[in-house]
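# Close look at the chain arrangement
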Amino acid sequence: MPVSRVVSNAHSRLRSACLIAAAGALAAMLTSAPAQADDYDAAIKDIQSTMGGVPGFVKQFPKAGLPGAWAEVKAIELSDKTALPPKVKALISLAVAAQIPCSYCIWSDTENAKRAGATDEEIQEAVAMAALTRHWSTIFNGMQVDLAQFKKDMGGE
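Chains are numbered independently. Their residues run from 1 in the order of the written sequence. Per-residue local features are limited, in this predicted model, to residues with pLDDT of at least 70; the limit for side-chain atom pairs, both in listing and counting, is 80 or more; totals at the level of whole chains, interfaces and linings are taken over all residues. Side-chain numbers come from the whole structure's heavy atoms, not from hydrogens or water.

Looking now at the overall build of the protein chain. A run of H or I in DSSP counts as a helix once it spans at least four residues, and a run of E counts as a strand once it spans at least two, with each numbered from the N terminus. The number of helices and strands found in the protein chain is 8 helices and 0 strands. Overall, the protein chain shows an N-to-C arrangement of helices and strands of α-α-α-α-α-α-α-α. Per-residue burial over the protein chain gives 20% buried out of 157 residues. Calculation of accessible area relied on Shrake-Rupley with a 1.4 Å probe; when residues are assessed, cover is drawn exclusively from the protein chains displayed. Total accessible area computed for the protein chain in this model is approximately 10900 Å², and 62% of it derives from carbon and sulfur atoms. Exposure classes here rest on a 1.4 Å probe applied to the protein chains alone. A residue is buried below 20% of its type maximum, exposed above 50%, and partly exposed in between.

This is the structure:
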């Protein structure tokens with residue numbers, strides 16, 4: 001398989017993951033009703049029970065948004081009943097965090113990936129893939145490569 005096709009496939013997968021995460025966050029914001037005090041208290045209790053404590057940053061989060069934010073984290077990131085296994089989710093999150101960059105997320109995602117069984121080599125490769133995707137994205141966008149021609153060159157439309 002040509003290197004350009006491998007790069008394109010990797011870029012497409014990472015971009016899809018980012019778009020899905022953004023769409024999910026937007027949908028949650030647009031569809032959630034204002035939180036009641038009972039919803040906030042229930043979320044705090046669930047966080048306590050799930051995590052064994054309530055991290056300090058949770059108390060800084062707006063009370064109206066916490067129930068929805070917690071429900072999203074629990075349903076996607078913490079659930080083992082999703083399409084992606086926990087290790088893959090942690091590696092994707094780490095790759096994105098390295099690009100943002102977010103030191104908090106990089107530390108947390110690295111720890112989560114290790115707990116989920118990721119090796120040092122897998123962690124390094126996830127970060128290298130993020131860098132490679134960013135590199136080629138910079139080239140394609142900066143050089144204003146024609147998208148229709150790119151798709152043809154890569155075996156698409």
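Here the narrative resumes.
Quick look at the packing of helix 2 (residues 37-51) against helix 4 (residues 66-77) now. An axis is simply a line fitted to the C-alpha atoms; with a helix, the fit covers only the stretch in contact. Between two such axes, the angle follows the N-to-C directions and lies from 0 to 180 degrees. Following both chains from N to C, one finds helix 2 and helix 4 inclined at 35°, their axes separated by 8 Å at the closest point. The element helix 2 and its partner helix 4 pack so that their crossing is left-handed. Together, Asp-39, Tyr-40, Ala-43, Ile-44, Asp-46, Ile-47, Thr-50 and Met-51 of helix 2 and Leu-66, Pro-67, Trp-70 and Lys-74 of helix 4 make up the contact between the two elements. Residue type decides the class: Asp, Glu, Lys and Arg count as charged, Ala, Val, Leu, Ile, Met, Phe, Trp, Tyr, Cys and Pro as nonpolar, and the leftover types, Gly among them, as polar. For the contact of helix 2 with helix 4, the residue count by class is 8 nonpolar, 1 polar and 3 charged. The sense of a crossing depends on the near helix, which, turned anticlockwise from the far helix by less than a right angle, makes the crossing left-handed and, turned clockwise, makes it right-handed. Any two residues whose heavy atoms approach within 4.5 Å are treated as being in contact.

Structurally, the position occupied by Ile-106 is in helix 6 (residues 103-115). Each C-alpha atom, one on Ile-106 and one on Leu-94, is 5.5 Å from the other, the two residues being 12 residues apart in sequence.

Function-wise, these values are silent; they only describe arrangement.
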